[in-house]
Structures are given as structure tokens and as C-alpha cells.
Amino acid sequence: MEGTSKDDLFIVDEGKDQRKVHAPPQKESASNEEDYAALMAALNANREWLQAKVSINNALVMEGASRSQPRPSDFFSVGECEGQRTIDGEQVPLVLTPSTAGEDHTSHEALAAALRANREWLEGKVVANSAVLLRGFDVRDAAEFDAVVEAMGWPDIRYVGPAPRTHVHGRVWTANEGPLEQFVYFHHEMVLIKEFPEKIVLFCEVPPPEGGETPFVPSFRVTERALEEFPEMVEELDAKGLRYTLTALSKNDTKSMRGRGWEDAFGTSDKAEAEKRAKALGMDLEWLPDGSVKTILGPRALTRVFPGRRGRRMWFNTVVGMHGKEESSAAAADGSEIPANFVQRVGEIIEEESLQFRWHRGDIVILDNLATLHARRPSLPPRRILVATCK
Ligand SMILES: [Fe+2]
């Protein structure tokens, strides 16, 4: 029976979810012994073919099993937004919208389920694209936004900084309650504090009628361009490190975007306790006669390289925002001045490299805080942007 072909002896029966191989009906006159002998001969002659069939069917079953989990491409479509750019081959920001295929892809519950099932994929996108905009989902308030942030799976990190903020729900806070007509300058969130968030998640509850954008800047682009124009200055400041000062009032002043008082910032009205907490955050305090306090920070880096981000040197400092201001200063850690023309030119580069989109109601933006600086343009009221900071 060496020449027996599988096509002569087997019929492949392809059902929807299973595949069976069986012997074709035998002639009624054939005995059981003959049937058995013919089947064994056929199996032996076609062993390799059978083994290949088993492997293929196992693979089909595995694929079916993974299909029961929502996959990114089942749920999300890639969209576009105004101000988007392609940087090093990646769209910045990556815009994800609900897929039009299938049933419910827009509710906050469906979005949360899709993110929960694809956490590693999302993390990879945030790091590769520096920013992800989730647009077109039906996320309406702080509670729903909180549920979506929880689904992303990143731990919460408490905000420490000068912006006046109010707790709203769960891990969600107002972004900045300083006056809307003021510009909140470009910064990495909590750049001056030892433990800073890796991700900032912003949510648009009420889009501003005019202005009020949250522009952001790929931080490595700033370093690249500063190195083109001031290679020696960049390397010198990077080697020396930076020293900042920032003066805070005792009580909150919501008339200023840096109006967070030290009592609120350090969570105490006791000066000795505030000093202890400041030390833990890597700061020294100098008390001033009017009840305010000068916070001294340093040495701090000019640029930093973080794992998984292509070795890019991030402009991880706040020199432009704090240099030469009434309430703040930035200098080299050895006390030498930073030239004003350098600061001014880097400020221009930051503006030139910034990307800006219009807020739509329900937009959620995830920023890689290790790779982007963000800001707030002056805005007409009303505007309500909420934030969650994540490790
Ligand atoms: Fe911020």
C-alpha cells in the first residue's frame, strides 16, 4: 500500500469551528478486518501529512482563543488631528478613535475594557509616539475619566508643585486653577522633584471657546536644536548642573498660576515639618520676613536620558520658565549665570517645536512626561481640563 495517497483515502470535513478527517464510506461488501487494515495502512503512509494537519488546527484554535480578547485593532482606529506631525517616523500625537466596526466602541466602559486588555500595547504607543490622543469616546465627567485612567493600570503619584489644584474624584484633579488669561509655561510635570510622573493623563470636560490649548513639545527636539546652536553651552551646563530658586507664599493665591502656598504644597503649617518634607523632596528652604519661603533646588540636570526612549536626550529642565523671573531664578549649580540670549533662543526653539490641537469635549491625552514638555495657552472661559498624574 506504499502508493496510497491521502486524497484517495481521506475526506476533509471543514466545519465552522472544527476540522475532521475521516475515511470515506467503504463498500458494503468489505469486512471489518479489511477496513481496519486499509485505514492503518493509509495512516502510516500519510503520517507526516496528518501531523502537519494537527499543527495547523492547533494554531487555528489558538488564534480563535486570542480573538475572544479585545485586540487594539478590533477596537481602535487610527485618526488624525490638527497640528499633528511625523517625527522620526511616528505620528505625534498618535490619534486613536473608536473603530466603526462592531457594536459598542464609544462608551467609557468599552474604552476602559479595551485599555485594560491592552495595557502593554498602550504603554508601547505612549513611549513610541510621546503622546496619544483618545478622541471620539463618550467620556463625560471626572468619575468616568477616573475609571478610564484606572484601566490604564499605571499607579497614581501625588502632585507636588506650584499650581493651585483641587481634588475632584478618585485620582482626578483640576489641571490648574490659576487665572485663565495667563500662559502656563512649558514644563515637564514635577521636573524639579525627585519622584516625577512618567505619564500625564488630561481630560477635556469643558472645551474652551477660544484659546486654552495644551501645546506640547517633544523634549528631545529642544535638546537637538539647542546642541546645533549652542553645543558648548549645553554640554557645560549639563556637566555643572543647575540650581533653581522659587518663592512661595504661605497661603494659596488662586490669582496666580504659581499661587500654591507652601502650607498647601508641603501639607503642613509647621515650618520645621515643612523643612523636613522639603528635604525629602530634595529641596532646601529659606524663610523670608513676609511669611513666604524661598525654595532652593539643586543641583539638577539640564538634559536626561530615560530607558526605552531611543537614547534621546530630553530637555528635562525648567530654565526658560524660571530664569530671571521675579519669583524664581535659574543658574548653573556653581553659581555662574546663564546667558540671557541662550535662554531666549531656547524659548524660541521650544515654541517652534510645539504641537497644538484644539480640545474637543471628551478628549483624553496621554503625555509621556519623560519625553514632552506641556503648557497652557491663555483661554476664554469656561474651560475645564482635568488631570491624573501616573508613575
Ligand atoms: Fe503641567
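Residues numbered from 1 in each chain as written. Predicted model: local features only at pLDDT ≥ 70, side-chain atom pairs only at ≥ 80, totals over all residues.

Chemist: In this structure, what is going on with the environment of L249? I would like to understand it.
Modeler: With respect to the helices and strands, L249 occurs in the loop between β13 (242-248) and α10 (262-266). Its 20 C-beta neighbours within 10 Å are what place L249 among the buried residues. As a C-alpha pair, L249 and R260 span 11 residues in sequence and 7.4 Å in three-dimensional space. (Helix = DSSP H or I, 4+ residues; strand = E, 2+ residues; numbered from the N terminus. Buried ≥ 20, exposed ≤ 12 C-beta atoms within 10 Å, placed from the backbone.)

Chemist: When you look at helix α5 (residues 108-117) in this model, what are you seeing that I'm missing?
Modeler: An α-helical turn contains 3.6 residues, so any two residues separated by three or four positions project in the same direction. Those residues of α5 that sit buried are H108, L111, A112, A114 and L115. One face of α5 carries all of its buried residues, which in axial projection span an arc of 165 degrees. Considering only its buried residues, α5 is in contact with α4 (72-75), α6 (119-129) and α7 (142-152). (Arc of directions from axis to C-beta. Contact = placed C-beta atoms within 7 Å.)

Chemist: Sorry, what's going on with the environment of T174 here?
Modeler: Turning to its location among the elements, T174 is positioned in strand β9 (residues 172-174). Along the sequence, T174 and A142 sit 32 residues apart, while their C-alpha atoms lie 9.5 Å from each other. Apart from the residues lying within four places of it in its own chain, the contact partners of T174 are R165, T166, V168 and L386.

Chemist: I would appreciate a short explanation of the nonpolar core in the present structure.
Modeler: Soluble globular proteins tend to pack their nonpolar side chains together in the buried interior. Ranked by size, the top nonpolar core spans 82 residues in total, and within it V201, F203, L386 and V387 carry the most contacts. Of the residues that make up this core, three or more belong to each of domain 2 (72-215 + 354-390) and domain 3 (241-339). Among all residues touching V201, those that are not within four sequence positions of it are V149, I364, I366, V387, A388 and C390. (Core = buried A, V, L, I, M, F, W, Y, C linked by C-beta atoms within 7 Å. Domains from an automatic or database assignment.)

Chemist: Can you help me understand the pairing of strand β19 (residues 384-390) in this one?
Modeler: Looking along a regular strand, one sees side chains alternate from face to face of the sheet. Counting buried residues in β19 gives five out of seven residues, a clear majority hidden from the surface. Bridge analysis of strand β11 (residues 199-206) against β19 gives seven bridges, and the strand direction is antiparallel. In the sheet register, V201 faces β19, and the bridge partner there is A388. (Pairing = 2+ DSSP bridges.)

Chemist: So what exactly am I meant to see when it comes to the confidence of the model for the protein here?
Modeler: In this model, the protein carries a mean pLDDT of 87, and residues with pLDDT of at least 70 account for 85%. Confidence drops under a pLDDT of 50 for residues 1-30, and excluding neighbours within four residues, the segment shows 25 contacts in the predicted structure. Scored below 50 in pLDDT, residues 57-66 shows one contact in the model against residues more than four places distant or in partner chains. (pLDDT = per-residue confidence, 0-100.)

Chemist: Which parts of the structure should I look at to understand the sheet that holds β11?
Modeler: Sheet strands pair via backbone hydrogen bonds, and the direction of the pair is either parallel or antiparallel. Sheet architecture is open: eight strands sit in the order β3-β6-β7-β17-β11-β19-β9-β8, paired in mixed fashion. Taken across any chain shown, the strands that pair with only one partner, and hence form the sheet edges, are β3 (76-79) and β8 (167-169). Put simply, the sheet's adjacent strands are angled 30 degrees from each other on average, direction ignored. In terms of strand pairing, β3 meets strand β6 (residues 94-98) through four bridges, oriented antiparallel. For G79, the partnering residue across the bridge sits in β6 and is V95. Packing against the sheet, α6 makes contact with β6, β7 (131-134), β11 and β17 (364-368), and its axis sits at approximately 120 degrees to β7. Running over the sheet, α7 touches β8, β9, β11, β17 and β19 and is turned about 80 degrees from β8. (Axes fitted to C-alpha atoms, helices over the stretch in contact; angles between N-to-C directions.)

Chemist: Teacher, can you tell me more about the packing of helix α8 (residues 219-229) against helix α13 (residues 340-352) here?
Modeler: When two helices pack together, their arrangement is captured by the angle between the axes and the distance separating the axes. Across the interface, α8 lies against α13 with an axial gap of 10 Å and an inter-helix angle of 140 degrees. By the angle class used here, α8 and α13 are oblique. With respect to the hand of their crossing, α8 and α13 are arranged in right-handed fashion. Taken together, the residues of α13 that come into contact with α8 (itself represented by V222, R225, A226 and E229) are R345, V346, I349 and I350. By residue class, the composition of the contact of α8 with α13 is five nonpolar, no polar and three charged. (Parallel < 35°, antiparallel > 145°, perpendicular 65-115°, else oblique. Left-handed = near helix turned anticlockwise from the far one by under 90°. Nonpolar A, V, L, I, M, F, W, Y, C, P; charged D, E, K, R; others polar.)

Chemist: Just checking my understanding: could you explain the sheet that holds strand β15 (residues 293-300) for this structure?
Modeler: Overall, antiparallel pairing links the four strands, which are arranged β14-β15-β13-β16 in an open sheet. Each edge of the open sheet carries a strand with a single partner, namely β14 (283-287) and β16 (328-332). Pairwise comparison of adjacent strand axes, ignoring direction, gives a mean angle of 20 degrees for this sheet. Strand direction decides the pairing type here: β14 and β15, joined by five bridges, are antiparallel. Bridging from a neighbouring strand, L285 pairs with T295 of β15. Strands β14 and β15 of the sheet are contacted by helix α11 (residues 271-280), whose axis makes an angle of about 150 degrees with β14.

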